[in-house]
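Given next are the chains, with one letter for each unit.
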Amino acid sequence: MNQDCRKTGENDEVKCLYTNMWSQSKRHNFQHDLWNERYKEKETGSKALYIDIDENEENEEGDKEYSEWSELPDLLLEKIFSYLGIRKVLCKFGVQKLYVLDHLRCQMCLSSVGKNFKHLTIQPMLNFYNLYEFMNILSWYTEQRKRKENVELGIGNNIAYLKFTFPCNMTSRGETFSSIKKAHRQLKEVKMVGTLTEAQYLLDEICETCCLTLRCLHIINTTRVQYQMLHVGVFLNLYELVISPQNLGDDLVELLGYTKLEHLHILQNRYTPYDAIIKPVSPNAWQKCRQNNSALNVHLQVESLKEKPLIWQERAPVRTVLFDSPHIRLRTDSLMTALEFYRDDLRIYGHKNIPRFHRSKCFSERIDEPLLMLVQMCTYLSTLAAYA
């Protein structure tokens, strides 16, 4: 042993050896790879000494051998990872959360309790793959009923309510949605919320399967520009319809006159485009609709966090005018318009979440006189509401 190094223990021997090797490494003339090879062959006594030396990235990529874990069956991988906690699983995969639909468990769930489903609500989600796969599985089970296969399971037999909220603009959402709606002939209530680029094909399958059974339909903000959804006029037994003003038109209103529709809600919410030009339905179209369907009741509603003008429908059988916004206050022009257009039809006029604002103390400049005029002139007015 070197005279400058005195051994007092096994750890000191390793430390001394490392010091000598480091001092000699400064004076050697060997190549880097040859030095590493010779160093690994050197005896280190009773203690093994391992030093990791970073090699070039090019050599690592070329000589690296990958495991074949990805080729294992899914059930076996699930069994293996079940022994790990969620913290360890996330650490192994770089804290990257990825949830994939388990088809086996989904099928087992549908086979056991699927026949009891009556309401199906699909909220916005980021994983479109899981959404598409779930719809395909449910659609497959319900389609077997037509072929008289797996009828004893009864999966999807009792689904009568469907609400689908589109999370964002996506061109493939119509295909995703059609995979489930075409399989349900017994749907009685459908709600669709969100903008869709292929809105002209949105209700094709529902028109084919539910034209006589659908009773309630909500289609809110399916387009950002004005486009009338003529499909709605095909549902002859429709009782309630909630629709945005940009999806109405003269032809659609005329078709609604030949249905059994009783309540038509024209809704403007916070997502209704304010920068687009939305034209109201012509008075002649409303007049024809009233003649053909005397039981129709139209309700105009505005629900917004910001001030938004109401799109008035002249000669429509409007029963309700309702504002729900913290920034829309009572205005004389709105009261006078409602009095002019709906004097013989109006039943409810109200403001919810009305803001606080200052008015003149002079009685002639206050809102009291227009309100009293509305109550006096509207014969069938039953409710007048204004509260914060």
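No experiment lies behind these values; they were computed from the predicted model shown. (Residues numbered from 1 in each chain as written. Predicted model: local features only at pLDDT ≥ 70, side-chain atom pairs only at ≥ 80, totals over all residues. Heavy atoms only, no water.)

### Regarding the overall build of the protein chain
Thinking step 1. Counting its regular elements, the protein chain contains 13 helices and ten strands.
Thinking step 2. In the protein chain, which comprises 388 residues, the share counted as buried stands at 37%.
Thinking step 3. A fraction of 68% describes how many contacts in the protein chain between residues 6 or more apart in sequence connect residues 24 or more apart.
Thinking step 4. Looking at the protein chain as shown, the accessible area adds up to about 24,800 Å², and 51% of this sits on carbon and sulfur atoms. (Helix = DSSP H or I, 4+ residues; strand = E, 2+ residues; numbered from the N terminus. Buried < 20%, exposed > 50% of the residue type's maximum accessible area, 1.4 Å probe, protein only. Contact = heavy atoms within 4.5 Å. Areas by Shrake-Rupley, 256 points an atom, 1.4 Å probe, with all protein chains shown as cover.)

### What to know about the nonpolar core
In summary, soluble globular proteins display a tendency toward joint burial of nonpolar side chains.
Thinking step 1. With 50 residues, the main nonpolar core has Leu217, Val232, Leu264 and Tyr349 as its most contacted residues.
Thinking step 2. Excluding its chain neighbours within four sequence positions, the residues that come into contact with Leu264 are Leu241, Ile243, Leu256, Trp286, Leu296, Asn297, Val298 and His299.
Thinking step 3. Among the nonpolar cores identified, the runner-up in size contains 13 residues, and Cys106, Leu120, Leu162 and Phe164 belong to it. (Core = buried A, V, L, I, M, F, W, Y, C linked by side-chain atoms within 4.5 Å.)

### Some words on helix 12 (residues 332-341)
Thinking step 1. All of the buried residues in helix 12 are Ser334, Leu335, Thr337, Ala338 and Leu339.
Thinking step 2. For helix 12, the secondary structure elements touched by its buried residues are strand 9 (348-352) and helix 13 (368-377).

### Observations regarding the packing of aromatic side chains
Thinking step 1. Under the counting rule described, the total for this entry stands at three aromatic pairs.
Thinking step 2. Relative to Tyr342, the ring of Phe341 has its centre 5.9 Å away and its plane inclined at 70 degrees; by these criteria the two rings are edge-to-face.
Thinking step 3. Feature note: the residues Trp312, Phe341 and Tyr342 constitute an aromatic cluster, connected by ring pairs. (Phe/Tyr/Trp six-rings, centres within 6.5 Å; stacked < 30°, edge-to-face > 60°.)

### As for the packing of helix 12 against helix 13
Thinking step 1. Where helix 12 contacts helix 13, the axes come no closer than 10 Å and their chain directions differ by 10 degrees. Taken together, the axis directions place helix 12 and helix 13 in an arrangement best described as roughly parallel. Between helix 12, through Thr332, Leu335, Met336 and Leu339, and helix 13, the contact on the second element is made entirely by Pro370, Leu371, Met373, Leu374 and Met377.
Thinking step 2. Looking at the contact of helix 12 with helix 13 residue by residue, the class counts come to eight nonpolar, one polar and no charged. (Axes fitted to C-alpha atoms, helices over the stretch in contact; angles between N-to-C directions. Parallel < 35°, antiparallel > 145°, perpendicular 65-115°, else oblique. Nonpolar A, V, L, I, M, F, W, Y, C, P; charged D, E, K, R; others polar.)

### Thoughts on unusual backbone geometry
Thinking step 1. The phi dihedral of Asn221 is positive, around 55 degrees, even though this residue is not glycine.
Thinking step 2. With respect to the secondary-structure elements, Asn221 resides in the loop between strand 4 (216-220) and strand 5 (240-243).
Thinking step 3. Despite not being glycine, Asn353 shows a phi value in the positive range, around 55 degrees.

### A few points about the side chain of Ser334
Thinking step 1. Structurally, Ser334 can be placed in helix 12.
Thinking step 2. Note on Ser334: relative accessible area 15%, which makes it buried.
Thinking step 3. When residues no more than four places from it in sequence are discounted, the contact partners of Ser334 are Trp312 and Tyr349.

### So, the state of the cysteines
Thinking step 1. Taken as a whole, this structure holds zero disulfides when the rule is applied.
Thinking step 2. Cysteine Cys210 is unpaired, with the sulfur of Cys211 as its nearest cysteine sulfur at 8.0 Å.
Thinking step 3. Under the relative-accessibility criterion, Cys210 is labelled buried at 0%.
Thinking step 4. You can call Cys211 partly exposed: its relative accessible area is 24%. (Disulfide = S-S within 2.5 Å.)

### Details of a nonpolar patch on the surface
Thinking step 1. Residues Leu75, Leu104 and Met108 make up a contiguous nonpolar surface patch of about 320 Å² in total accessible area.
Thinking step 2. Relative to the assigned elements, Met108 resides in helix 6 (residues 103-113).
Thinking step 3. Its relative accessible area of 54% is what places Met108 among the exposed residues. (Patch = residues over 30% accessible without salt bridge, like charges linked within 9 Å, V, L, I, M, F, W, Y side chains within 5 Å. Salt bridge = Lys/Arg side-chain N within 4 Å of Asp/Glu carboxyl O.)

### Focus: the pairing of strand 6 (residues 263-268)
Thinking step 1. Within strand 6, five of the six residues are buried, which leaves it mostly tucked inside the rest of the structure.
Thinking step 2. Where strand 5 and strand 6 come together, four bridges link them in parallel fashion. Across the sheet, the residue bridging to Leu241 is Leu264, located in strand 6.
Thinking step 3. What joins strand 5 to strand 6 is helix 10 (residues 250-256), and the crossover it makes is right-handed.
Thinking step 4. Alignment of strand 6 against strand 7 (residues 297-303), held across six bridges, turns out to be parallel. Pairing of His263 across the sheet is with Asn297, part of strand 7.
Thinking step 5. As a crossover connection, the stretch from strand 6 through helix 11 (residues 283-292) into strand 7 is right-handed. (Pairing = 2+ DSSP bridges. Right-handed = clockwise from strand over helix to strand, strands pointing away.)

### So, the environment of Lys306
Thinking step 1. Within the element layout of this structure, Lys306 appears in the loop between strand 7 and strand 8 (318-324).
Thinking step 2. Taking relative accessible area as the criterion, Lys306 reaches 63% and is therefore assigned exposed.
Thinking step 3. Linking Lys306 and Pro326, residues 20 residues apart in sequence, is a C-alpha distance of 7.2 Å.
Thinking step 4. Once you skip the residues sitting within four places of it in the chain, Lys306 turns out to touch Ser325, His327 and Ile328.

### Comments concerning the pattern of salt bridges
Thinking step 1. Following the criterion strictly, the structure yields five salt bridges and no others.
Thinking step 2. With a closest N to O distance of 3.0 Å, Arg290 and Asp345 form a salt bridge. Pair noted here: Arg290 is in helix 11 and Asp345 is in the loop between helix 12 and strand 9, with a separation of 55 residues, a long-range link.
Thinking step 3. Among the residues examined, Arg290 registers a relative accessible area of 29% and is labelled partly exposed.

### Topic: the environment of Leu384
Thinking step 1. Among the structural elements, Leu384 can be located in strand 10 (residues 383-387).
Thinking step 2. According to the relative accessible area criterion, Leu384 is partly exposed, its value standing at 40%.
Thinking step 3. Sequence spacing of Leu384 and Leu322 is 62 residues, and the spatial spacing of their C-alpha atoms is 9.9 Å.
Thinking step 4. If we skip the residues at most four places from it in the chain, Leu384 touches Tyr349, Leu371, Leu374 and Val375.

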